[in-house]
Amino acid sequence: MRLDRGATGFCGPRDKPANETDLTLFRSACWEAARRIGGRVGEVPPAGASSFHSATITSRAEEHFVLCHAHLPVVAFTELAPVPGQPLVRFVNPPPWADAFAAVGFRCLQVEDLSLPMSKVDVAELAEAELTQIGYWRPQALSDLLFNWWD
């Protein structure tokens with residue numbers, strides 16, 4: 001898998017800032033997904049100290065946790081809510097209603113994608129500052145790089 005610039009959420013002082021994911025578009029997709037399952041969307045805070053935004057979509061039966069990368073048009077789903085500073089675990093494949101995200105241009109990542117070892121990830125497009133962060137934090141899998149709390 002080839003990563004685009006901005007995948008780590010970092011850029012150097014001389015680098016052009018990475019693109020920002022359209023948070024309004026992400027929120028709209030969350031609302032559409034919730035509508036499809038008769039659910040509701042919790043607060044969607046800005047990324048802050050992480051490389052991603054998160055949302056909770058609650059249906060009658062369960063809670064769903066959606067992660068949206070802050071700089072790339074990708075989303076992932078987890079069984080557990082993100083805890084600031086803690087590694088993200090228990091990724092799940094996109095549910096059937098995830099096509100609401102794909103319909104507006106987000107790529108819904110599969111567990112197989114997220115589990116990809118870093119040795120199989122092409123980082124050639126990343127900025128030098130991003131490669132430095134990868135060397136420092138040493139992510140084991142693609143999920144560790146894309147959805148991080150690196151400071």
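Residues numbered from 1 in each chain as written. Predicted model: local features only at pLDDT ≥ 70, side-chain atom pairs only at ≥ 80, totals over all residues. Heavy atoms only, no water.

**Topic: the side chain of Ser143**
Using the following cut-off: By definition, any uninterrupted DSSP run of H or I lasting at least four residues is a helix, any uninterrupted run of E lasting at least two residues is a strand, and each is numbered from the N terminus. The buried label goes to any residue with under 20% of its type's maximum accessible area, the exposed label to any with over 50%, and the partly exposed label to all in between, with areas taken from a 1.4 Å probe on protein chains only. The contact criterion used throughout is that any non-hydrogen atoms of two residues lie within 4.5 Å.
Tracing the sequence through the fold places Ser143 in helix H5 (residues 142–146). You can call Ser143 buried: its relative accessible area is 9%. Dropping the residues within four chain positions of it, Ser143 is found in contact with Phe91 and Leu114.

**Topic: the packing of aromatic side chains**
Let me state the cut-off plainly: Centre distance within 6.5 Å is the pairing criterion for rings of Phe, Tyr and Trp, where only the six-membered ring of Trp is used; planes under 30 degrees apart are then read as stacked, over 60 as edge-to-face, and the remainder as tilted.
All chains considered together, the criterion is met by 10 aromatic pairs. The interplanar angle of 85 degrees and the centroid separation of 5.0 Å between the aromatic rings of Tyr136 and Trp137 together place this pair among those described as edge-to-face. By relative accessible area, Tyr136 is classed as exposed at 61%. Members of the aromatic cluster, connected to one another through ring pairs, are Phe26, Phe77, Trp97, Phe101 and Phe106.

**Examining helix H1 (residues 23–36)**
Formally: Expected span of a helix: the number of residues minus one, times 1.5 Å. Note that the arc is computed from the directions linking the helix axis to the C-beta atoms. Counted as a polar contact is a pair of N or O atoms within 3.5 Å, where, for protein atoms, one must be capable of donating a hydrogen and the other of accepting one, and residues adjacent in sequence contribute only when both atoms are in side chains.
Taking 1.5 Å of rise per residue, 14 residues should cover 20 Å, and H1 covers 20 Å from first to last C-alpha, within 8% of that figure. Along H1, the residues classified as buried are Leu23, Phe26, Ala29, Cys30, Ala33 and Ala34. All buried residues of H1 lie within an arc of 135 degrees about the axis, which places them on one face of the element. Away from its buried face, by an angle of more than 90 degrees, H1 presents the exposed residues Thr24 and Arg35. Taken together, the buried residues of H1 touch strand S1 (40–41), strand S2 (52–58), strand S3 (63–69), strand S4 (74–78) and helix H2 (99–102). If you check the start of H1, you find a side-chain oxygen 3.0 Å away from the backbone N of Thr24, and it comes from Asp22. One or two steps after H1, the chain reaches Gly38, where phi turns positive at roughly 65 degrees.

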